[in-house]
Amino acid sequence: MSPTATRPFILALGAASLLAASAMGPTAVAAPAEPRPSVALDWYDTTAQTIAAAGAPTQVTNSRTWAVSWLAAARATRQVPTGVDRGDYQDAALASAVHSSLVALAPTRTEQLEAAFHRTLDGIPDGPAEDRGVAAGEREARSVLASREGDGLDPASVDAPFTVPPAAPGVWQPTPPAYAPATQYGNRIARPFVLTAPDRFRLGPPPAPASRRYRADLAEVRAYGAADSTRRTAHQTETANFWFGSSLTLYTEPLRVALSRSAGSVAERAKLVALFHIASVDTQIATSDSKYAYLRWRPVTAIRTGAIDPDPDWTPLHNTPAHPDYPSGHTTYAGAAEGILSALTGPRTAPFELTSPTAPGVTRTYTDWHRLTSENVDARILSGIHTRSADEAGVTLGEKVAGYVLRASGHLLR
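Model, not experiment: these values are computed from the prediction. (Residues numbered from 1 in each chain as written. Predicted model: local features only at pLDDT ≥ 70, side-chain atom pairs only at ≥ 80, totals over all residues. Heavy atoms only, no water.)

Peer 1: What's the story with the overall build of the chain in this structure? I'm lost.
Peer 2: A tally of regular secondary structure across the chain gives 17 helices and two strands. Overall, the chain is about 100 × 45 × 40 Å in size when its C-alpha atoms are taken along their principal axes. The proportion of buried residues among the 414 residues of the chain is 50%. Restricting to contacts in the chain with at least 6 residues of sequence separation, those with at least 24 account for 80%. Accessible surface, the chain as shown: approximately 18,400 Å² in total, 57% of it carbon and sulfur. Each charge class in the chain can be summarised by its mean position, and for the 38 positive and 39 negative side chains these summaries are 6 Å apart. (Helix = DSSP H or I, 4+ residues; strand = E, 2+ residues; numbered from the N terminus. Buried < 20%, exposed > 50% of the residue type's maximum accessible area, 1.4 Å probe, protein only. Contact = heavy atoms within 4.5 Å. Areas by Shrake-Rupley, 256 points an atom, 1.4 Å probe, with all protein chains shown as cover. Lys, Arg positive; Asp, Glu negative; His and termini not counted. Charge placed at Lys NZ, Arg CZ, Asp CG, Glu CD.)

Written out as structure tokens, the structure reads:
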């Protein structure tokens with residue numbers, strides 16, 4: 001039959017099919033298949049919930065939990081065996097890797113983690129893809145956990161005792177009101193994930209206490225960071241409050257936004273989360289290395305006791321954390337975060353909203369990762385707890401560590 005002759009037959013067949021479908025009613029039209037929920041997002045939220053409920057008192061230890069769990073996931077999902085469904089395998093492998101890691105690192109949450117794991121597996125067809133994915137996740141979790149044994153990132157090691165040196169111009173001393181012992185001293189001897197040594201990117205020295213740069217830094221903090229400042233605007237006070245909390249907590253939502261908007265595969269999504277937190281761990285180690293190498297006093301000490309017009313009653317907006325000024329840990333974290341997010345997702349994104357536990361009722365909207373960094377720089381000055389030199393040096397350090405982690409990612413992920 002010629003193509004022309006078949007046309008009436010095809011049209012008649014189509015009309016008959018439509019009539020039959022009409023007779024059957026609307027239920028005969030197949031509903032579109034529901035997309036499978038994102039296993040990466042589910043386990044991102046599960047990780048965040050687990051750390052919120054059973055996390056360590058030290059931020060870097062919690063960053064380590066993220067890094068271990070998601071490095072195992074990134075490794076488990078990278079290679080898919082032949083002959084199995086790719087999506088089923090990767091979903092099972094990611095869930096298994098994160099689940100196994102978190103059970104080992106947060107055993108008090110085992111019941112909740114088991115329930116989450118079974119929910120994931122219930123959504124994956126039974127068969128070799130699921131079985132082999134689960135086995136791969138368990139295997140990689142065991143491997144990463146073993147490789148990080150004794151890395152010095154447990155709370156006791158992180159907050160190892162530190163002997164305060166004699167008071168002298170520029171030298172760190174415990175700060176009011178608590179005059180608490182130094183924290184995070186042990187970070188500087190912990191084992192990084194990627195850096196060859198904690199001092200791999202040790203910063204150059206901070207400005208000398210008598211230098212023009214340092215005098216300008218201190219004058220800025222004195223004017224804008226005082227509890228009773230008349231120079232700081234309401235918006236600036238809001239900025240200081242917004243970014244005062246834990247960097248790990250404050251960046252959990254921006255990373256989730258990046259993850260949820262990623263068009264990458266399951267493996268690429270796992271890589272994003274893994275590299276973000278590996279960079280944050282190594283940055284926190286590098287930060288403590290520079291902090292305790294230079295032992296720069298905090299602004300409150302310099303302003304109250306320094307030789308330049310001392311003011312013994314000066315009080316910062318926020319209480320000063322118990323470790324040296326240079327560099328700022330918040331800005332090193334921000335610099336590393338921006339480096340990873342920009343490299344793997346691009347420097348800009350559609351608008352997203354962010355809230356802060358230290359600024360109740362405040363919602364801010366962002367469209368790029370750099371603005372988070374710049375606000376962190378200003379916030380630490382406006383809080384009265386860091387100099388601009390310490391903040392800017394922190395961003396540089398975080399960017400260097402992020403770049404190093406990205407360059408090493410091929411070897412890291414095997």
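Peer 1: What am I meant to see in the packing of helix α3 (residues 59-78) against helix α4 (residues 86-105) here?
Peer 2: The relative placement of two packed helices is expressed as an angle between their axes plus a distance between the axes. One way to put it is that α3 packs onto α4 with a least axis distance of 8 Å and a crossing angle of 150°. On the basis of the axis angle, α3 is roughly antiparallel to α4. Crossing geometry of α3 relative to α4 is assigned as right-handed. Contacts between α3 and α4 involve R64, T65, V68, S69, W70, A72, A73, A76 and T77 from the first element and Y89, Q90, A93, L94, A97, V98, S101, L102 and L105 from the second. (Axes fitted to C-alpha atoms, helices over the stretch in contact; angles between N-to-C directions. Parallel < 35°, antiparallel > 145°, perpendicular 65-115°, else oblique. Left-handed = near helix turned anticlockwise from the far one by under 90°.)

Peer 1: Is there a simple way to explain the pattern of salt bridges in this structure?
Peer 2: Two side chains carrying opposite charge are able to pair once their charged atoms lie near each other. A full pass over the atoms with the stated rule returns 13 salt bridges. Between R256 and D45 there is a salt bridge, with the nearest N and O atoms lying 2.7 Å from each other. Of this pair, R256 sits in helix α11 (residues 252-261) while D45 is found in helix α2 (residues 39-54), placing the two residues 211 residues apart along the sequence. For the salt bridge of E375 with R364, the shortest nitrogen-to-oxygen distance reads 3.0 Å. (Salt bridge = Lys/Arg side-chain N within 4 Å of Asp/Glu carboxyl O.)

Peer 1: Hey, could you run me through the packing of α4 against helix α5 (residues 110-122) in this one?
Peer 2: Following both chains from N to C, one finds α4 and α5 inclined at 175°, their axes separated by 10 Å at the closest point. Between α4 and α5, the angle falls in the class roughly antiparallel. Contacts between α4 and α5 involve A95, S96, H99, L102 and V103 from the first element and T110, L113, E114, F117 and T120 from the second. Of the residues belonging to the contact of α4 with α5, the class tally is five nonpolar, four polar and one charged. (Nonpolar A, V, L, I, M, F, W, Y, C, P; charged D, E, K, R; others polar.)

Peer 1: What am I meant to see in the environment of P169 here?
Peer 2: Following the sequence through the fold, P169 ends up in the loop between α7 (155-158) and α8 (212-224). Judged by relative accessible area, which is 69%, P169 ranks as exposed. Sequence spacing of P169 and G264 is 95 residues, and the spatial spacing of their C-alpha atoms is 52 Å.

Peer 1: Just checking my understanding: could you explain unusual backbone geometry for this structure?
Peer 2: Trans is the common state for peptide bonds, and a negative phi is the common state for residues other than glycine. Going from P176 to P177, the amide bond is cis rather than trans, its omega being 5°. By the element assignment, P177 lies in the loop between α7 and α8. A cis amide bond, omega 0°, links Y326 with the succeeding residue P327. Residue placement: P327 occurs in the loop between α13 (299-305) and α14 (329-345). Notably, Q184 is not glycine yet its phi reads approximately 70°, a positive angle. With respect to the helices, strands and loops of the structure, Q184 is situated in the loop between α7 and α8. You will see that R414, though not glycine, has its phi angle at about 55°, which is positive. The topology assignment puts R414 in the segment after α17 (409-413). In this structure R414 comes out as exposed when scored by relative accessible area, which is 51%.

Peer 1: Looking at this model, I keep getting lost on the packing of aromatic side chains. Mind explaining?
Peer 2: In this description, a pair of aromatic rings is defined by centroid distance and the angle of the planes. On inspection of all chains with the given rule, the structure shows 15 aromatic pairs. Pairing F162 with Y185 gives two aromatic rings, centres 5.0 Å apart and planes at 50°, and the pair type is tilted. Remark: Y185 occurs in the loop between α7 and α8 and F162 occurs in the loop between α7 and α8; sequence separation between them is 23 residues. Given a relative accessible area of 25%, Y185 falls into the partly exposed group. (Phe/Tyr/Trp six-rings, centres within 6.5 Å; stacked < 30°, edge-to-face > 60°.)

Peer 1: Mind showing me how you'd approach the confidence of the model for the chain here?
Peer 2: Low pLDDT means the predicted coordinates in that region are not meant to be read closely. In the predicted model, the chain carries a mean pLDDT of 92, and the fraction of residues at 70 or more is 91%. Here residues 1-35 is a poorly scored stretch, pLDDT under 50, and it has two contacts once near neighbours within four places are set aside; other chains count. (pLDDT = per-residue confidence, 0-100.)

Peer 1: Could you clarify how one ought to interpret helix α6 (residues 128-147) in this entry?
Peer 2: Residues lying three or four places apart along an α-helix face the same way, a consequence of the helix completing one turn every 3.6 residues. With 20 residues, α6 ought to run about 28 Å at 1.5 Å a step, and its terminal C-alpha atoms sit 28 Å apart, in line with that. Residues of α6 that are buried include every one of A129, E130, G133, V134, A136, G137, E140, A141, V144 and L145, and no others. For α6, the arc enclosing every buried residue in end-on projection is 165°, short of the 170-degree limit, so these residues lie on one face. When the buried face of α6 is taken as reference, the exposed residues oriented beyond 90 degrees from it are P128, R142 and A146. Looking at the packing, one finds that the buried side of α6 touches α3, α4 and α5. (Expected span 1.5 Å × (residues − 1). Arc of directions from axis to C-beta.)

Peer 1: Is there a simple way to explain the side chain of R64 in this structure?
Peer 2: Relative to the assigned elements, R64 resides in helix α3. Setting aside residues no more than four positions away along its own chain, R64 makes contact with L105, R148, E149, D151, L153 and V281.

Peer 1: Can you help me understand the nonpolar core in this one?
Peer 2: Soluble, globular proteins show a tendency: their nonpolar side chains are buried together. W43, W70, L94 and W243 are the most contacted members of the largest nonpolar core, which totals 90 residues. Considering each element in turn, this core owes the most residues, twelve residues, to helix α12 (residues 266-294). Discounting chain neighbours no more than four positions away, the residues touching W43 are W70, L94, A95, V98, H99, L113, A116, F117 and T120. Grouped together as the second largest cluster of nonpolar side chains are ten residues, V221, A226, I303 and I381 included. (Core = buried A, V, L, I, M, F, W, Y, C linked by side-chain atoms within 4.5 Å.)

Peer 1: Where do I start with the environment of L406 in this structure?
Peer 2: Along the polypeptide, L406 turns up in helix α16 (residues 388-407). Along the sequence, L406 and V171 sit 235 residues apart, while their C-alpha atoms lie 35 Å from each other. Residues contacting L406, with those up to four places away along its chain left out, are L275, G339, I340, A343 and L344.

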